[in-house]
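Okay, here's what each chain looks like letter by letter:
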Amino acid sequence: MGDSSNESEPEPGQVFEWVDGRIDQRDDWARRRRKDIPTDKQLLVVACMDERIPVEEALGLQLGDAHIFRNAGGKVTDDVIRSAALSTNFFDTTEIIVVNHTDCGMMSALDDAVVEGLEAATDESLAEVDLNPALPSLDIGEASIEDWVWMTDDIDDACQTQIEYLREHPLIPEEVTIHGYVYEVESDALRRPGERVSERIDTRVSE
Ligand SMILES: [Zn+2]
């Protein structure tokens, strides 16, 4: 937890101060929400749930540094907005980072094929199913269930879109810094959306 590894050893005669410090540090950690202590980097990360994405390692994060929300595709869904609104307005989060990635499972099929596959597998009509069991009255109105499934065809465009959704949302304060990255599973590296290596090579050749 926290910075305990950086803590200096107690000097003779100051052991009680060291012990008190440890107790205070533990109390801060255990009750940081009630004490209004933000995450160590005042950061929220929104990332895909994919098991190949080492979110903390890729962003250089330690335990305690960030709120982390992961879902299928790293998409800004209603629950991401809910979580981001709470994190930024009540827990002093000042920065949000979106992490999408190459070879995402959300790029492996078209929306309608996923809807058909889910309905075939479950023998349910998605239009009739409660999308949120705790809020059965919540439905998507005129929108299509394909939009709710929300597959991806271009991961760079998708990343940029998630950033814009967060930047423009009225429940997220304007001063919050919002950025996004594409994690390349092939090279274990982050890049900014729209900075595909292949595009850079094409550009140089054409000049
Ligand atoms: Zn993914």
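Residues numbered from 1 in each chain as written. Predicted model: local features only at pLDDT ≥ 70, side-chain atom pairs only at ≥ 80, totals over all residues. Heavy atoms only, no water.

### Remarks on the layout of surface pockets
Test applied: Note on definitions: the grid is 1 Å and covers protein atoms alone; a cavity is a set of points where a 1.4 Å probe fits but cannot get out; a pocket is an open set with protein on both sides within 12 Å along at least five of seven lines; lining residues have an atom within 4 Å of a point. Grid points are joined across faces, edges and corners, and a volume is the space filled by probe spheres set on the points. Starting at the N terminus, helices and strands are each numbered in turn, a helix being any DSSP run of H or I of at least four residues and a strand any DSSP run of E of at least two. Under the scheme applied, nonpolar residues are Ala, Val, Leu, Ile, Met, Phe, Trp, Tyr, Cys and Pro; charged residues are Asp, Glu, Lys and Arg; polar residues are all the others, including Gly.
Looking at the largest pocket, its volume works out to about 640 Å³. Forming the boundary of the largest pocket are 24 residues, of which Thr77, Asp78, Asp79, Leu131 and Trp148 lie nearest the centre. Among the secondary structure elements, those contributing two or more residues to the lining of the largest pocket are strand 2 (66–71), helix 3 (78–90), helix 4 (111–122) and helix 5 (145–149). Taken together, the residues of the lining of the largest pocket break down into 14 nonpolar, four polar and six charged. When grouped by side-chain class, the residues that make up the lining of the second largest pocket number nine nonpolar, two polar and three charged.

### Thoughts on the pairing of strand 1 (residues 43–48)
Within a regular beta strand, the side chains point alternately toward one face of the sheet and then the other, so they alternate between its two faces. Short version of the rule: Exposure is judged per residue with a 1.4 Å probe applied to protein chains only, and the accessible area is read against the type maximum: over 50% gives exposed, under 20% gives buried, and values in between give partly exposed. At least two bridges found by DSSP between two strands is the condition for calling them paired.
Across the six residues that make up strand 1, a large majority, six, are buried. Here strand 1 pairs with strand 2 via six bridges, running parallel. What sits directly across from Val46, in strand 2, is Phe69. Where strand 1 lies against strand 3 (residues 95–101), five bridges are found, and the strand directions are parallel. Its bridge partner being in strand 3, Ala47 is matched across the sheet by Val99.

### Some remarks on the side chain of Asn100
Quick note on the threshold: Polar contacts here mean pairs of N or O atoms no more than 3.5 Å apart (in protein, one a potential hydrogen donor and the other a potential acceptor; neighbouring residues in sequence count only if both atoms are side-chain atoms).
Within the element layout of this structure, Asn100 appears in strand 3. Of note is the side chain of Asn100, whose polar atom sits 2.8 Å from the backbone oxygen of Gly73.

### Observations concerning the domain arrangement of the chain
Heads up, the condition is: Residue ranges for the domains trace back to a domain assignment, done automatically or taken from a database. Two parts placed together each lose some accessible area under a 1.4 Å probe, and the buried area is that loss summed for both. We define a salt bridge as a contact between a side-chain nitrogen of Lys or Arg and a carboxyl oxygen of Asp or Glu at a distance within 4 Å.
Looking at the assigned domains, one finds that the chain contains domain 1 (1–37) and domain 2 (38–109 + 151–191). One C-alpha centre belongs to domain 1, the other to domain 2, and the line joining them spans 31 Å. The junction of domain 1 with domain 2 conceals about 570 Å² of combined surface from both sides, 48% of it contributed by carbon and sulfur atoms. The residue Asp40 makes a salt bridge to Arg32 at a minimum N-O spacing of 2.8 Å. Here the side of domain 1 that touches domain 2 is built from residues that sort into two nonpolar, one polar and three charged.

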